[in-house]
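Spelled out from the first residue to the last, the chains are:
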Amino acid sequence: MGSTISPVVAPGAMRRLPQPSLPAGDLLLRPWTPGDAGQVLDAFRDAEIQRWHRVAMTTHEEALAWVGRWAGAWEAETAAGWAVTDAVTGAVLGRVGLRDMDLPEGRAEVGYWVLPAARGRGVAVRAVSAAVRWGFEGLGLHRLELQHSTRNHASCRVAGKAGFAVEGVLRAALLHADGWHDMEVHALLNA
């Protein structure tokens, strides 16, 4: 069955190209590699990352599988994920990604985390802004959403500083280890 509306982003637009690295001042967003598995495992041992991302990862093999899924998601055009690194040293500082992509509808959701040693330096805002720029200018998406628990005040600040407007709250929308959380929805349009 056909559609009366042309896709915002044509299927195949991502998989035809290699995933780019994205400069962001003193940061470089680059595709994940198997060599990053140790840093990923360390990240998911952090209590704050576990709290907000609900991921339990205990083995190097699980971290390798997590890293490997990003290449498959790129090929499937369902997500794009980057290691956020120090542009000079190459040290992994965090992650940023566009997930739940719907290319024909031109939308995706932004997700990120920052390692404890890199927090408080604007890393998340710069990484999110670089991913947004690529999503809008490089890929041609129309709408990016960012959701966070209403209890996660740091993510709310990141969303605001990255230019996302608050659209509302989804009540009891996501189950965390400590119960159901209301999720605040932010969005940014490619205008």
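Given the structure is predicted, the values throughout are model-derived calculations rather than measurements.

1. Quick look at the sheet that holds strand E8 (residues 179-189)
Part 1 of the reasoning: One open sheet accounts for 8 strands, arranged E1-E2-E3-E4-E5-E6-E8-E7; its pairing is mixed. The open sheet has two edge strands, strand E1 (22-24) and strand E7 (165-176), and neither has a second partner. On average, each strand axis in the sheet is inclined to that of its neighbour by 25°, with strand direction left out of account.
Part 2 of the reasoning: The sheet contact formed by strand E3 (residues 80-86) and strand E4 (residues 92-102) spans 6 bridges and is antiparallel. Counted as the bridge partner of Val84 is Gly94 from E4.
Part 3 of the reasoning: Packed on one face of the sheet, helix H3 (residues 60-76) meets E3, E4 and strand E5 (107-114) and runs near 130° to E3.

2. Quick look at the packing of aromatic side chains
Part 1 of the reasoning: In total, this model carries 8 aromatic pairs according to the counting rule given.
Part 2 of the reasoning: Taking the centre distance of 5.7 Å and the plane angle of 65° together, the rings of Phe44 and Trp66 count as edge-to-face. Placement of the pair is Phe44 in the loop between helix H1 (37-43) and helix H2 (47-53) and Trp66 in helix H3, with a sequence separation of 22 residues. You'll find Phe44 and Trp66 in the same group, each marked buried.
Part 3 of the reasoning: With centroids separated by 5.6 Å and ring planes inclined at 80°, the aromatic side chains of Phe44 and Trp113 adopt a geometry described as edge-to-face. Residue Phe44 is found in the loop between H1 and H2, and its partner Trp113 is found in strand E5; the two are separated by 69 residues along the sequence.
Part 4 of the reasoning: Under the relative-accessibility criterion, Phe44 is labelled buried at 2%.
Part 5 of the reasoning: Here the aromatic residues Trp32, Phe44, Trp66, Trp70 and Trp113 are joined through ring pairs into a cluster of three or more.

Calculation notes
- Numbers given to residues run from 1 along each chain, matching the order in which its sequence is written.
- Local features in a predicted model are, by the rule used here, given only for residues with pLDDT of at least 70; side-chain atom pairs are given and counted only at 80 or more, and totals for whole chains, interfaces and linings are based on all residues.
- Remark: hydrogens and water are excluded; side-chain values derive from all non-hydrogen atoms of the structure.
- A pair of strands is considered paired only if DSSP assigns at least 2 bridges between the two.
- For the purposes of this entry, the term helix denotes a DSSP run of H or I that reaches at least four residues, the term strand denotes a run of E that reaches at least two, and both are numbered from the N terminus.
- All axes are obtained by fitting lines to C-alpha atoms, using only the stretch in contact for helices, and the reported angles, taken between N-to-C directions, cover 0 to 180 degrees.
- Contacts were defined at the residue level, with two residues in contact if any of their heavy atoms lie within 4.5 Å.
- Ring geometry is summarised as follows: Phe, Tyr and Trp rings, the Trp one being its six-membered ring, pair when their centres sit within 6.5 Å, and such pairs are stacked at plane angles under 30 degrees, edge-to-face over 60 and tilted between the two.
- Relative accessibility decides the category of a residue: with a 1.4 Å probe and only protein chains considered, values under 20% of the type maximum give buried, values over 50% give exposed, and everything between is partly exposed.

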